[in-house]
Amino acid sequence: SFAVVSATAVTLAGLAAWVGGLVAGSALDPVAVLETSLSLWALTLACYAIALAGAQQATTFRGAAGVGGVVLLVLFLLDSLRKSSATPPAIANISVFSLNDRTTAIAPGGSVDGGAILVLFAVAAIAAALAIWAFRRRDLDAALIQIGRAAPAVHTMSSNPVLRVPVLRGLWQRRLSLTLWTLGSSALAAFVVAIINSAADLFTKTSSLAGFLRGLGGDIHVVLLGLIWFAFAQALFSVIAITYVWRWADDDSNGSLELELAQPVSRTAVTVERAAELLCFLVVVALVSSAVVLLVASATHINVALGNLVVATALLLPFGLTFAAVGAALAGFQPRVAVGVLATVSVVSYLLFQLAPAFRWPNWAADLSVFQLYGEPLVQPVFVGGLIAMLAVVVVGFGAGGALMQRRDVAG
């Protein structure tokens, strides 16, 4: 099923690119488009199969998504390291993304690497076979490889005092998730800052890339740091918000919310605690990641104003809460559709934010993106209007989510 759906998506994308070339007066070779699309489809299947195999070690739906996401992110970063470093480590060549890079049929003078495409299909087949074998071997609701002994059933109240403190109990229960998000975000921050000098050289020598700079002036190293790292940070924070909304919707359907309300706990208190827990989660990730940015920037001789970095980091918090507030309102109304709608809004907003300046789309198209509300605080004054809008969405969204939760039955 996934192979059919992905083939359809890649085919439609290829047709759109070909039609776009005709409209722009730069016709693309249809054979080259087909060859590139075939390589992209092979890469998509390989990524899916790798994530599917990794998911056999997870015990929950969210855990499976997390394992697959982490593995693919590592492979993507390895490929990025191969492209950006003059002497990349040999391990960078194991990435499936590097196999797709070998097909450059659309570019002038490009070629198709049939061997690389076949290897991608082989990776997809082997990883899928491994996933099938693992799925047949493991128990349902259990990982393929059991680490440690299963914990005995406990029927008495936990003596852990942290579990009796609102907000802290949620963070304690999700301490592994918080640790992984913090480490992953920090690693990505270090990687991005490390390649800023190389990127600055490229942008200085290539005038056609000026559109990506959005007309921002000043030290190009700081401008690129603001555009690249904080764009990644916004994307990461929107994903964190989506995972929290996912958890809220799941708690509604699996009985966890019903159990919590039976304590008794007011529904308003549940909404407030959810928002406060997410805020604390975002604070930890933001502070550690920004500390890494500052340290690596200093080591690579990039002069970042500490005050601007603090402001840019602080504005990530209302940005992340904006997505969560929209999700809270959706979860309060219809939990089953909250995650899908919020993820769609996030992806479309991110694409508009990245593509609008590069393709010189009108300003109103870029303004449709939620990412525009954040502005460019590392190199420009704070976008006050955007900050007010984000805070308004946070207040209205969580307020609406709490009010809607009051009016409906749990799991209804």
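Remember, it's a predicted structure, so these values are computed and weren't measured experimentally.

Cut-offs used in this document
Each chain has its residues counted from 1, following the order in which its sequence is written. Side-chain atom pairs in this predicted model are given and counted only at pLDDT of 80 or more, local residue features only at pLDDT of at least 70, and totals for whole chains, interfaces and linings cover all residues. The side-chain numbers reported here are obtained from all heavy atoms of the structure, hydrogens and water having been left aside. Basic side-chain nitrogens of Lys or Arg form a salt bridge, by our definition, when they fall within 4 Å of a carboxyl oxygen of Asp or Glu. Numbering of helices and strands runs from the N terminus; a helix is a DSSP stretch of H or I covering at least four residues, while a strand is a stretch of E covering at least two. Burial classification: accessible surface area is computed with a 1.4 Å probe over protein chains only, and a residue below 20% of its type maximum counts as buried, one above 50% as exposed, and the rest as partly exposed. Put simply, two rings from Phe, Tyr or Trp (the six-membered ring, in Trp's case) pair if the centres are within 6.5 Å, and we call them stacked under 30 degrees between planes, edge-to-face over 60, tilted for the rest. Here, a charge over a ring is recorded when the distance from Lys NZ or Arg CZ to the ring centre is within 6 Å and its angle to the ring normal is within 35 degrees. In this analysis a 1.4 Å probe is tested at points of a 1 Å grid over the protein atoms alone, and where it fits but cannot get out there is a cavity; an open set with protein on both sides within 12 Å along at least five of seven lines is a pocket; lining residues have an atom within 4 Å of a point. Grid points are joined across faces, edges and corners, and a volume is the space filled by probe spheres set on the points. As a working rule, the residues Ala, Val, Leu, Ile, Met, Phe, Trp, Tyr, Cys and Pro are called nonpolar, Asp, Glu, Lys and Arg charged, and the rest polar, with Gly in that last group. Only buried residues count toward a nonpolar core. Its members are Ala, Val, Leu, Ile, Met, Phe, Trp, Tyr and Cys residues joined through side-chain atoms within 4.5 Å. For this analysis, residues touch if any pair of their heavy atoms sits within 4.5 Å. Each patch is built from residues that are more than 30% exposed by relative accessible area and take part in no salt bridge. Like charges join if they lie within 9 Å; nonpolar side chains (Val, Leu, Ile, Met, Phe, Trp, Tyr) join within 5 Å. For the area figures, the Shrake-Rupley method with a 1.4 Å probe applies, and any residue is considered shielded solely by the protein chains shown. To estimate the expected span of a helix, count its residues, drop one, and scale the result by 1.5 Å. For the purposes of these results, a polar contact is taken to be a pair of N or O atoms within 3.5 Å, where, inside protein, one atom must be able to donate a hydrogen and its partner to accept one; residues adjacent in sequence count only when each atom of the pair is a side-chain atom. To get an axis, a line is fitted to the C-alpha atoms, and for a helix only the part in contact is used. The angle between two axes follows their N-to-C directions and goes from 0 to 180 degrees. We call two directions roughly parallel when the angle between them is under 35 degrees, roughly antiparallel when it is over 145, roughly perpendicular when it lies between 65 and 115, and oblique otherwise. By convention the crossing between two helices is left-handed if the near helix lies anticlockwise of the far one by an angle smaller than a right angle, and right-handed if it lies clockwise.

Quick word on the pattern of salt bridges
Oppositely charged side chains can pair when the atoms bearing their charge come close.
Then step 1. Inspection of the entire model under this criterion finds 2 salt bridges.
Then step 2. Salt-bridge contacts for Glu273 lead to Arg169; the nearest nitrogen and oxygen are separated by 2.9 Å. In this pair, Glu273 is assigned in helix α11 (residues 267–299) and Arg169 in helix α6 (residues 168–173), connecting sequence segments 104 residues apart.
Then step 3. For Glu277, the salt bridge identified is with Arg174, shortest N-O distance 2.7 Å. In this pair, Glu277 is assigned in helix α11 and Arg174 in the loop between α6 and α7 (175–194), connecting sequence segments 103 residues apart. Take Glu277 and Arg174: they sit in the same class, and that class is buried.

Here's the deal with the packing of aromatic side chains
Then step 1. Under the counting rule described, the total for this entry stands at 13 aromatic pairs.
Then step 2. Measuring from centroid to centroid gives 4.0 Å for Phe2 and Tyr48, while their planes differ by 10 degrees, and the two rings are stacked. In this pair, Phe2 is assigned in helix α1 (residues 2–24) and Tyr48 in helix α2 (residues 30–55), connecting sequence segments 46 residues apart.
Then step 3. Across from the ring centre of Trp172, 4.1 Å away, lies the NZ or CZ of Arg175, which sits over that ring.
Then step 4. Above the plane of the ring of Tyr244 lies Arg247, whose end atom (NZ or CZ) is 4.8 Å from the centre.

Quick notes on empty space enclosed by the protein
Then step 1. A complete count under the given rule lists 2 cavities of 30 Å³ or more for this structure.
Then step 2. In this structure, the largest cavity occupies an estimated 110 Å³ of space.
Then step 3. Lining of the largest cavity is provided by 15 residues; of these, Arg274, Ala328, Ala331, Gly332 and Met405 occupy positions nearest its centre.
Then step 4. Counting residues per element, the ones that place at least two in the lining of the largest cavity are α9 (220–254), α11, α12 (306–333) and α15 (384–407).
Then step 5. Looking at the lining of the largest cavity element by element, the count peaks at 4 residues for α15.
Then step 6. Looking at side-chain class alone, the lining of the largest cavity contains 8 nonpolar, 4 polar and 3 charged residues.
Then step 7. Roughly 40 Å³ of internal volume is contained in the second largest cavity.
Then step 8. Together, Ser185, Trp229, Ala233, Phe237, Val285, Ala286, Ser289, Ser290, Thr313 and Leu316 line the second largest cavity.
Then step 9. Residue contributions to the lining of the second largest cavity peak at 4 residues, all from α11.

Description of the nonpolar core
Then step 1. With 66 residues, the main nonpolar core has Trp229, Phe230, Phe237 and Phe398 as its most contacted residues.
Then step 2. For this core, the secondary-structure elements that each account for two or more residues are α7, α8 (196–205), α9, α11, α12, α13 (335–358) and α15.
Then step 3. If you tally residues by element for this core, the top one is α9, at 17 residues.
Then step 4. Other than its neighbours up to four places away in sequence, Trp229 contacts Ser185, Leu188, Ala189, Val192, Leu224, Leu236, Ser289 and Val293.
Then step 5. Core analysis: the second largest hydrophobic core is formed by 16 residues, Ala42, Val96, Phe97 and Ile117 among them.

Section: a nonpolar patch on the surface
Then step 1. Residues Leu12, Leu15, Trp18, Val19, Leu22 and Val23 make up a contiguous nonpolar surface patch of about 570 Å² in total accessible area.
Then step 2. Along the polypeptide, Leu15 turns up in helix α1.
Then step 3. Residue classification places Leu15 among the partly exposed residues on the basis of a relative accessible area of 46%.

Here we look at α9
Then step 1. Helix length check: α9, at 35 residues, gives a terminal C-alpha distance of 50 Å against a target of 51 Å (1.5 Å per residue), a fit within 8%.
Then step 2. Counting buried residues along α9, 25 of its 35 residues qualify, which places the element largely inside the surrounding structure.
Then step 3. Just beyond α9, the residue with positive phi is Gly255, at close to 100 degrees.

Details of α15
Then step 1. Under the 1.5 Å per step criterion, the end-to-end length of α15 is 35 Å for 24 residues, consistent within 8% with the ideal 34 Å.
Then step 2. Three or more residues of α15 are buried, namely Gly386, Met390, Val394, Gly397, Phe398, Gly401, Gly402 and Met405.
Then step 3. Those residues of α15 that are buried are in contact with α9, α11 and α12.

Here we look at the layout of surface pockets
Then step 1. In this structure, the second largest pocket encloses a volume near 880 Å³.
Then step 2. Contributing to the lining of the second largest pocket are 22 residues, with Leu163, Arg169, Gln173, Ser256 and Glu260 lying nearest its centre.
Then step 3. For the lining of the second largest pocket, the secondary structure elements donating two or more residues are α6, α9, α10 (256–261) and α11.
Then step 4. Its residues placed into classes, the lining of the second largest pocket shows 7 nonpolar, 5 polar and 10 charged.

Notes on the side chain of Ser37
Then step 1. As for its placement among the helices and strands, Ser37 is situated in helix α2.
Then step 2. For Ser37, a relative accessible area of 15% translates into the label buried.
Then step 3. Within the structure, the side chain of Ser37 is placed 2.8 Å from the backbone oxygen of Val33, a separation counted as a polar contact.
Then step 4. Those residues within four positions of Ser37 in sequence are excluded, and the remaining contacts are Val10 and Gly14.

Describing the packing of α9 against α11
Then step 1. Packing of α9 against α11 leaves a shortest axis separation of 11 Å and a crossing angle of 155 degrees. Here α11 runs roughly antiparallel to α9, going by the angle between their axes. Considering how the two elements wind past one another, α9 and α11 form a crossing that is right-handed. Contacts from Leu225, Trp229, Phe237, Ile240, Tyr244, Trp248 and Asp251 of α9 reach α11 at Arg274, Glu277, Leu278, Phe281, Leu282, Val285, Ala286, Ser289 and Val293.

Some remarks on the side chain of Asn100
Then step 1. Its location among the elements puts Asn100 in helix α4 (residues 96–101).
Then step 2. Of the residues examined, Asn100 reaches a relative accessible area of 17% and is grouped as buried.
Then step 3. Not counting residues up to four positions away in its chain, the partners in contact with Asn100 are Ser39, Leu40, Leu43 and Leu120.

These results come straight from atomic positions and should not be treated as a statement about function.
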